[in-house]
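Architecture at a glance
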Amino acid sequence: MSNMDEVGFDSSAAVDGGESFEAVVVGGGPGGAAAAAVLAENGVETLVLERGVEAGSKNVSGGLLYAEESAPYTLDGLFPGFRDEATERPVTRNYMDNLADGKVHTVDLGGVHHHDTEWCDSVLRRPMDSWVAERVHERTVEAGGGLLTGVRVNGLLREGGEIVGVTCDELDPIRADLIVAADGVNSELARDAGLMDWDEPEEWFQGVKAVVDVPPEEVNDRFGIDDDEGVARLFAGDLFEGVRGGGFLYTNRDSLSIGTVFHLDSLAAERAEPQELLDALLTHPHLGQWLPDEYDEYDEREYSAKLVPDSKKVAHPSPHEGRLLLVGDAAGQMQAQGPIIKGMNHAVSAGGLAAEAYIEARNRRQPESAGERYERRLHDSGLYGKLRPRRYEALGRFGEREVVADAVDDLAGSRLGRLGVRIAGGVVERAFNSPFLLGALPDTRTAYATVPRVLAEELGEPVRGDNDADPPSLEERIGDLTYDTDVGNPHIELMDNSFEASGTAVTACPVSAEGFGGGCYREETVRANGDEERVVSLDTQPCVECGTCAVVADTEWTHPRGGKGVDFRQG
Ligand SMILES: Cc1cc2nc3c(=O)[nH]c(=O)nc-3n(C[C@H](O)[C@H](O)[C@H](O)COP(=O)(O)OP(=O)(O)OC[C@H]3O[C@@H](n4cnc5c(N)ncnc54)[C@H](O)[C@@H]3O)c2cc1C
Ligand code: SF4
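Residues numbered from 1 in each chain as written. Chains lettered and ligands numbered in written order. Predicted model: local features only at pLDDT ≥ 70, side-chain atom pairs only at ≥ 80, totals over all residues. Heavy atoms only, no water.

Observations concerning the site of ligand 1
Inspection of the region around ligand 1 gives 36 residues, with Glu 50, Leu 64, Arg 125, Val 153 and Asp 329 positioned closest. Here an oxygen atom of ligand 1 sits 2.9 Å away from a polar atom, N or O, in the main chain of Gly 31. One of the backbone N or O atoms of Ile 341 is found 3.2 Å from a nitrogen atom in ligand 1. Its free accessible area being 1000 Å², ligand 1 has 99% of it covered by the protein chains. Breaking the shell around ligand 1 down by element, the ones donating at least two residues are helix 3 (30–41), strand 15 (300–309), strand 19 (340–342) and helix 13 (344–363). Residue contributions to the shell around ligand 1 peak at three residues, all from helix 13. (Near = heavy atom within 4 Å. Polar contact = N/O pair within 3.5 Å; in protein donor to acceptor, adjacent residues only side chain to side chain. Areas by Shrake-Rupley, 256 points an atom, 1.4 Å probe, with all protein chains shown as cover. Helix = DSSP H or I, 4+ residues; strand = E, 2+ residues; numbered from the N terminus.)

So, in structure tokens, the structure goes:
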């Protein structure tokens, strides 16, 4: 357990015989870091447990980090120097490019981008999270705790049915008065407590991302920006084979983050291959103007993927049980508001609010009331209203009914709809910039594919230029990942290997593909008792731990043991 020595924490007590702390925070992402910082600052003895070899090594985001004016907590507020030391570029411009039929129609998303925004920076998660974790460690040590990496918490410790601590792969059980589960999208603690029952693909998005090397002066030159500026571009239209979702490109200091985020139900239904959809974006002629050309070879630093919850459907209105409080993705608090994605900032706010709630409960000598107080804060601070807007429940859900969705889609693509688009192009632009309307938007192909396509066809300009980018094959991408193999300890078990039960994993897994022998999931035809059967086999070695197969296949899914598995360098 060398990582424990690296962070300078004496773990011997925790290893021998069951240690106790006032608070245990599980997860060193933005939610866990914020909770731990606020707890430690208020003198609460806090232990943070992180399963990666370093905080951030398991994490992926797009990533635009928004600091909202209305947010109760922000990372620069909690950690002075954060923006100078741990982020990439302030993102000052945001556009959406609707693409179809060789044309592009660009919408300036400045309105929605700057709405309620104090600042917005591009970030890469490994450098960001590890910088934050160092500060968290310093502060928690002062309060009598610390941050340990390479430790996977595998469940809740219960006594007489009550939650009293956590159990880990690497340490003896740890007792605590407060347990903050900030363990992200595939939270084993939320499931153990019965607080996470989202098993339907429609409750998730899958994100796949490439970080592409581009020298800083080229980033400035290609986007027409200075060192202290950055650009976000989003992409929709006909380049994703009708799969509901879109693409993004964010400028970092000396690289570009380019990726796609799709509704998992759509990806599964279309049997689409995520890495092929990413390549459709990377090789689209419109992208050529920003990517390395024939003079500078295209170099992908990292390929990654992860799931995110759709807060509109799953944000838990009451994310606590006894001493356990859930924050961030573990509580379903990831907001996709039309083209704008906000998860990290909400995890920070929720982490801070959870800590505040516990401190108040303790000061009033009612520690058992921390969960109720946290819930009230989530609602009173306005955070819950952003995550599950009432107008979405009223309008969006209605619009998603199949018959309504089909009718609207037909209308949008009809001659009448096209005429309307030609006449009302400016209105559509205003609609994209209205946080109110975006909060009521139904998750249908009308918004993600049909309207962008019609806008491009009716109002677009021809796409100019070529794209010489030559992205690596899936095999090369897997080969480039850093991976600490855990042979003999599979973290995924296939429960039903029939194609009917688990076949979707072959296409939806971002490191597997039909007809590709080197990924995690493979389809084969076997002969048994004279019959031919289509079955699925699993080898978890190139797994990027996204969790997709936990939803689309019949598996028993857990995280790998602490420090094992994939080790992202960018994130
Ligand atoms: C492709 C993509 C694009 C995105 N784009 C954006 C964006 O532009 N802006 C934005 O704000 N958000 C974005 N998000 C969402 C954002 O990444 C998440 O909402 C955010 O990271 C949630 O923070 P968290 O602290 O709740 O969880 P995480 O950041 O996931 O952190 C959880 C931590 O817990 C650790 N952990 C998990 N299980 C255990 C365990 N059992 N024991 C110990 N440690 C454990 C993990 O290793 C990890 O460090 C995007 C996500 C994806 C996948
Ligand atoms: S095996 Fe499952 S968790 Fe691993 S990369 Fe594939 S879909 Fe994701």
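From this point, things continue past the structure.
Looking at the side chain of Glu 375
Locating Glu 375 in the fold gives a position in helix 14 (residues 370–380). Residues within four places of Glu 375 in sequence aside, it is in contact with Pro 317, Ser 318 and His 320. (Contact = heavy atoms within 4.5 Å.)

A word on the nonpolar core
In this structure, Val 24, Leu 49, Val 166, Ile 174, Leu 324 and Tyr 521 are the most contacted members of the largest nonpolar core, which totals 92 residues. Those residues in contact with Val 24 that sit more than four places away from it in its chain are Leu 47, Leu 49, Val 166, Ile 174, Ala 176, Leu 178, Ile 179 and Val 180. Membership of the second largest hydrophobic core comes to 50 residues, among which are Ala 35, Tyr 73, Val 180 and Ile 359. (Core = buried A, V, L, I, M, F, W, Y, C linked by side-chain atoms within 4.5 Å. Buried < 20%, exposed > 50% of the residue type's maximum accessible area, 1.4 Å probe, protein only.)

Description of helix 7 (residues 125–142)
Along an α-helix, a turn takes 3.6 residues, which lines up residues three or four apart on a common side. Here helix 7 is 18 residues long and its end C-alpha atoms lie 26 Å apart, about the 26 Å a rise of 1.5 Å per residue gives. Every buried residue of helix 7 is accounted for by Arg 125, Arg 126, Met 128, Asp 129, Ser 130, Trp 131, Val 132, Ala 133, Val 136, His 137, Arg 139 and Thr 140. Positive phi shows up at Gly 144, right after helix 7, with a value of about 95°. (Expected span 1.5 Å × (residues − 1).)

Structural notes on the site of ligand 2
Looking at ligand 2, there are 13 residues lining it, with Cys 509, Cys 543, Cys 546, Gly 547 and Cys 549 nearest. A class-by-class count of the residues in the shell around ligand 2 yields 10 nonpolar, two polar and one charged. (Nonpolar A, V, L, I, M, F, W, Y, C, P; charged D, E, K, R; others polar.)

Overview of the packing of aromatic side chains
Centre distance and the angle of the planes are the two values used to describe a pair of aromatic rings. Under the defined criterion, the tally for this structure stands at six aromatic pairs. Seen in terms of ring centroids, Phe 223 and Trp 290 are 5.6 Å apart; in terms of plane orientation they differ by 10°. Their pairing is stacked. Taken together, the residues Phe 223 in helix 9 (residues 216–223) and Trp 290 in the loop between helix 11 (274–282) and strand 15 connect sequence positions 67 residues apart. Comparing Phe 223 with Trp 290 shows no difference in burial state: the two are buried. With a centroid separation of 6.3 Å and an interplanar angle of 50°, the aromatic rings of Phe 235 and Trp 290 are classed as tilted. Here Phe 235 is found in strand 12 (residues 231–237), whereas its partner Trp 290 is found in the loop between helix 11 and strand 15, with 55 residues between them in sequence. The burial state of Phe 235 is the same as that of Trp 290; both residues are buried. An aromatic cluster is present here, built from Phe 82, Trp 119 and Trp 131 joined pairwise through their rings. If you follow Lys 342 out to its NZ or CZ, it ends over the ring of Tyr 66, 4.7 Å from the centre. (Phe/Tyr/Trp six-rings, centres within 6.5 Å; stacked < 30°, edge-to-face > 60°. Lys NZ or Arg CZ within 6 Å of the ring centre and 35° of its normal.)

What about the environment of Asp 486?
In this structure, Asp 486 sits in the loop between strand 21 (483–484) and strand 22 (492–494). Of the residues examined, Asp 486 reaches a relative accessible area of 9% and is grouped as buried. Sequence separation between Asp 486 and Gly 224 is 262 residues; the distance between their C-alpha atoms is 46 Å. With near-sequence residues (within four places) excluded, Asp 486 lies in contact with Gln 541, Arg 561 and Lys 564.

Things to note about unusual backbone geometry
Both trends apply: most residues other than glycine have a negative phi, and most peptide bonds are in trans. Residue Gly 63 follows Gly 62 across a cis peptide bond; omega there is 10°. Residue position: Gly 63 is located in the loop between strand 2 (46–49) and strand 3 (64–68). In this structure, Asp 101 takes a positive phi of about 55° despite not being glycine. As for its position among the elements, Asp 101 is in the loop between strand 4 (93–100) and strand 5 (103–108). Using a relative accessible area of 57% as the deciding quantity, one classes Asp 101 as exposed. The backbone of Glu 545 shows a phi angle near 60°, a positive value even though the residue is not glycine. Looking at the element boundaries, Glu 545 is found in the loop between strand 24 (531–538) and helix 25 (548–552). On the accessibility criterion, Glu 545 (2% relative accessible area) is buried.

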